[in-house]
Amino acid sequence: MPHRPAVPLSRRALLRAGGAAVAATALGGTGLKAPDAGALKPGLAGPEPITSTGDLVEVELVAKQRMQRILPEPAEPSPLITYADHFPGPIIRMRKGQRLRATLVNELDEHTSVHWHGIRLPNLEDGVPYLTQPPTRPGERHVYEFTPPDAGSFFFHPHCNTVELLGRGLAGVLIVEEPDAPKFDADLVCLVKDWQLDKTGRFGAFTTDRGASRAGTFGSVSTVNGAIEPVIEVPTNGDIRARLYNIDSTRVVDLRVEGAEAWIIAVDGNPLPPRPLDGWPMGPAMRIDVLFRAPAKAGQTLRLTNVYSAEPRPLATFRAVGPARPNKRFKPRALPASAIPEPDLKDAPIVPMAFSATAVAQSFAPDVLAGLPYADALCLSAKTFWAINQQSWPEGGHEHLPPPLVTLEKGRSYIFELANLTPHLHPIHIHGYTFRVLSSDGRKVVPHHADTVLLEPKERLRVAIKADNPGDWMFHCHIIEHQDTGMMGYIRVA
Ligand code: C2O
Ligand code: CU
C-alpha cells in the first residue's frame, strides 16, 4: 500500500521528543551545555533529532529553498534546498523495529522523490522516479512507509537532478539504533560536504563537461554539518561514537581523528570487527562509524582531518567539555552483528559489471529526451560519458525503460565482478541490498558489508548478494556527475 493517498500530517502529529536530552551541539547530543557558545560556529547547532518512543516514527520532509549562511560575512546566506529548516536536517533517530512513515512535501518547482540510501526496503518505497514510483510533482505529497531491517547510519536524498539538489543541501540523516549496542558517552553525526559557492555566497555550476567526464566537479568550500571547521563539543574523557558521512557529490575523503586512537566499528552502518582508523577512503555516499576516546582534560582538542590529499586538511575540531567521565582504559567495543542474509558463494553465478567511459560522448537532442517517458531532462543530462556493460543510461531513442543490466532469480546468490576499466575512482552503489565485499585483484580486502564500494582505477572487485528482495534496483556510481552522464542502470530481481 505504498501509494495510498497522502494524509496531511499536522505539525502536532509529528513527534519531536528528546529535546530536553539534547544539548546545543544537538547533532549528537552530548547532553552538555556549551560553556562558550561563541565557539560554536553557525551551522553547527543543528536540529534536534526526531525520535519517538512508540512503534511509529512520523516525519514530514518539506523540500524547499531556505536561505542559510555557509560562508562568513561579508558573503550572503546561500540559497540551500533542504528537507528541514536548517541544514543538516532532519536527523531521524529510530530504534530497530520501529516503523518509519515519512511524508515528502514537494515545495520545489520541479518534481522529486526521496531515496533511502542503504536501506533494504520494499522496492515501492525506494524513491526512484519512474522506476519505483511516479515523480512527486510540485505541490504534491508522497508517503513512504517501511521498517528498516538493519541498524546503522543511513541517509536519504533525491534521485533526479541530484547534482543540483544535493549540491544545494537536499539530504537528511536516518539513524537506526541497535537495541543492544554498547553504551557510548556521545553519539555524533558528522556530515562531510563541499559546497560550490563563489565569494558572495552564490552557487556556481554544479557540473561541467570537464568534471563530468573525469573525476567530477569539486566544490569550493569544505564543511562538516554545514560549518567551516566547526568546534564540536565532546564529553571529557568520554567514549565517542562518531558517524562520519561523506555526502559530497564528488570528493573522496580519508578521515582521521588526529591525536586519538580511533577505531572503525561499522561501514555503511554495518558492524565489522573494530579496526584502526588508518586508511579507509570513502567515496561519495560512503559512511563509517568511528569510536574514539575524547581528551582527558576539559578544553583539550582533537582534529578531524581529511588525509586524501597532499596535505592533511582540517575539517573540524573536537573539544572536550564538562567533568571527565570516569572511563578506564580505552578498548574498542564491537557492535552487535546485523542480520544481512548470507550469500551462498558455492552456488553463486558470477555477474560481470564493467564500468567504462563511452567511446564517443553521446548527446541527445532535447526532443529525444522529451520522448522518453521515464527519463525527463531532470533525471539525466543530455550527454553521456560513461557506461555499465557498455550501456549508458539511457540509450538514446528508447521509448521505454531500458532493459535491466541483468535479471536475477529471487532467492539465489550472485557474485558481481565489478571491473573498473577507467583511470578514475568510482563509488559503486546498489539499491535495496547490502554487498558482502569479497576480494579484489589489486589489494587486500577487509571482509565487510557495504552498500557502496569504492572501485580503484583498473580494479576488479568481487561482491556478493543473496537476491532475496524482489524488484528493480538501481545500480550506479555515486559520483553524481558520473551517475547523471551514463554510469547507471538497474538490476531486476524476480
Ligand atoms: Cu544514494 Cu541511487 O543513491
Ligand atoms: Cu564514477
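Residues numbered from 1 in each chain as written. Chains lettered and ligands numbered in written order. Predicted model: local features only at pLDDT ≥ 70, side-chain atom pairs only at ≥ 80, totals over all residues. Heavy atoms only, no water.

**Student:** Hey, could you run me through the nonpolar core in this one?
**Tutor:** Side chains that are nonpolar tend, in soluble globular proteins, to be buried together. Core analysis: the largest hydrophobic core is formed by 92 residues, its most contacted members being Trp116, Leu174, Met353, Phe416 and Phe475. Those residues within four positions of leucine 174 in sequence are excluded, and the remaining contacts are Ile92, Met94, Leu100, Trp116, Ile119, Phe146, Gly152, Ser153, Phe154, Phe155, Phe156 and Tyr245. By size, the runner-up hydrophobic cluster in this structure holds 23 residues, among which are Ile70, Phe155, Val173 and Trp195. (Core = buried A, V, L, I, M, F, W, Y, C linked by side-chain atoms within 4.5 Å. Buried < 20%, exposed > 50% of the residue type's maximum accessible area, 1.4 Å probe, protein only. Contact = heavy atoms within 4.5 Å.)

**Student:** Would you mind showing me how to read the sheet that holds strand S16 (residues 287–293) here?
**Tutor:** Where strands meet in a sheet, backbone hydrogen bonds hold them as pairs that are either parallel or antiparallel. Across the sheet, 6 strands lie side by side as S10-S9-S12-S16-S14-S15; this open sheet has mixed pairing. The open sheet has two free edges, formed respectively by strand S10 (221–224) and strand S15 (270–276), since each of these has just one partner strand. Averaged over all pairs of adjacent strands, the angle between their axes in this sheet comes to 25°, without regard to strand direction. Bridge count for strand S9 (residues 186–195) against strand S12 (residues 239–246) is 7 bridges, and the pairing is parallel. Its bridge partner being in S12, valine 192 is matched across the sheet by asparagine 246. (Pairing = 2+ DSSP bridges. Helix = DSSP H or I, 4+ residues; strand = E, 2+ residues; numbered from the N terminus. Axes fitted to C-alpha atoms, helices over the stretch in contact; angles between N-to-C directions.)

**Student:** How should I be thinking about the sheet that holds strand S5 (residues 115–117) in this particular structure?
**Tutor:** As summarised here, the arrangement of the 4 strands in space is S3-S8-S7-S5, forming an open sheet in which the pairing is mixed. Looking along the sheet, the strands with just one partner apiece sit at the ends: strand S3 (91–95) and S5. Between one strand axis and the next, the sheet turns through 25° on average, direction left out of account. Strand direction decides the pairing type here: strand S7 (residues 152–157) and strand S8 (residues 172–177), joined by 5 bridges, are antiparallel. Residue pairing in the sheet places phenylalanine 156 in a bridge with glycine 172 of S8.

**Student:** Help me understand the coordination of the copper ion (ligand 2) in this model?
**Tutor:** Tetrahedral metal sites with four donors have an ideal angle of 109.5 degrees; octahedral sites with six donors have ideal angles of 90 or 180 degrees. Protein-derived ligands of the copper ion (ligand 2) are His426 (ND1), Cys477 (SG) and His482 (ND1), with the metal-ligand distances lying across 2.0 to 2.1 Å. Taken in chain order, the donor set of the copper ion (ligand 2) reads H-x50-C-x4-H. Highlighted residues: histidine 426 in strand S23 (residues 426–430) and histidine 482 in helix H4 (residues 480–484), separated in sequence by 56 residues. This pair shows no difference in class: histidine 426 is buried, exactly as histidine 482 is. (Donors = N, O, S within 2.8 Å, 3.2 Å for Na, K, Ca; no water.)

**Student:** Mind showing me how you'd approach the packing of aromatic side chains here?
**Tutor:** Two descriptors summarise a pair of aromatic rings, namely the distance from one centre to the other and the angle between the planes of the rings. Applying the stated criterion across every chain, the model contains 14 aromatic pairs. Seen from their ring centres, tryptophan 195 and phenylalanine 203 are 6.4 Å apart, and the 35° between their planes marks the pair as tilted. Summarising the burial analysis for this pair, tryptophan 195 and phenylalanine 203 share the class buried. Judged by centre distance (6.2 Å) and plane angle (85°), the rings of tryptophan 393 and tyrosine 490 are edge-to-face. Placement of tryptophan 393 in the loop between strand S20 (383–388) and strand S21 (406–408) and of tyrosine 490 in strand S29 (residues 488–493) is noted, with a sequence separation of 97 residues between them. (Phe/Tyr/Trp six-rings, centres within 6.5 Å; stacked < 30°, edge-to-face > 60°.)

**Student:** Is there a simple way to explain the pairing of S23 in this structure?
**Tutor:** Walk down a regular strand and you will see the side chains alternate between the two sheet faces. Here S23 lies mainly inside the structure; 5 of its 5 residues are buried. Neither face of S23 is exposed, since His426, Ile428 and Ile430 on one face and Pro427 and His429 on the opposite face are all buried. One ladder, built from 4 bridges, connects S23 with strand S26 (residues 452–455); its direction is antiparallel. Bridged to histidine 429 within S26 is threonine 452. Across 3 bridges, the pairing between S23 and strand S28 (residues 471–477) is antiparallel. Across the sheet, the residue bridging to histidine 429 is histidine 476, located in S28.

**Student:** I'm lost on the pattern of salt bridges in this one. Help?
**Tutor:** A side chain of one charge can pair with a side chain of the opposite charge when the charged atoms of the two come close. One pass over the structure, following the stated rule, counts 30 salt bridges. A salt bridge links lysine 383 to aspartate 209; the shortest N-O distance between them is 2.4 Å. Residue lysine 383 is located in strand S20, and its partner aspartate 209 is located in helix H2 (residues 209–212); the two are separated by 174 residues in the primary sequence. Under the relative-accessibility criterion, aspartate 209 is labelled partly exposed at 41%. (Salt bridge = Lys/Arg side-chain N within 4 Å of Asp/Glu carboxyl O.)

**Student:** Where do I start with empty space enclosed by the protein in this structure?
**Tutor:** The rolling of a water-molecule-sized probe over the atoms marks out the regions of remaining empty space. Applying the stated criterion across every chain yields a total of 5 cavities of 30 Å³ or more. Each pocket or cavity is described by its volume, and for the largest cavity that value is around 110 Å³. Forming the walls of the largest cavity are 14 residues, and the residues nearest its centre are Gly167, Asp194, Thr217, Asp248 and Ser249. When residues in the lining of the largest cavity are grouped by element, the largest group, 3 residues, is from S9. Of the residues that constitute the lining of the largest cavity, the class distribution is 4 nonpolar, 6 polar and 4 charged. (1 Å grid on protein atoms, 1.4 Å probe; cavity = no way out; pocket = protein on both sides within 12 Å on 5 of 7 lines; lining within 4 Å. Points joined across faces, edges and corners; volume = space filled by probe spheres on them. Nonpolar A, V, L, I, M, F, W, Y, C, P; charged D, E, K, R; others polar.)

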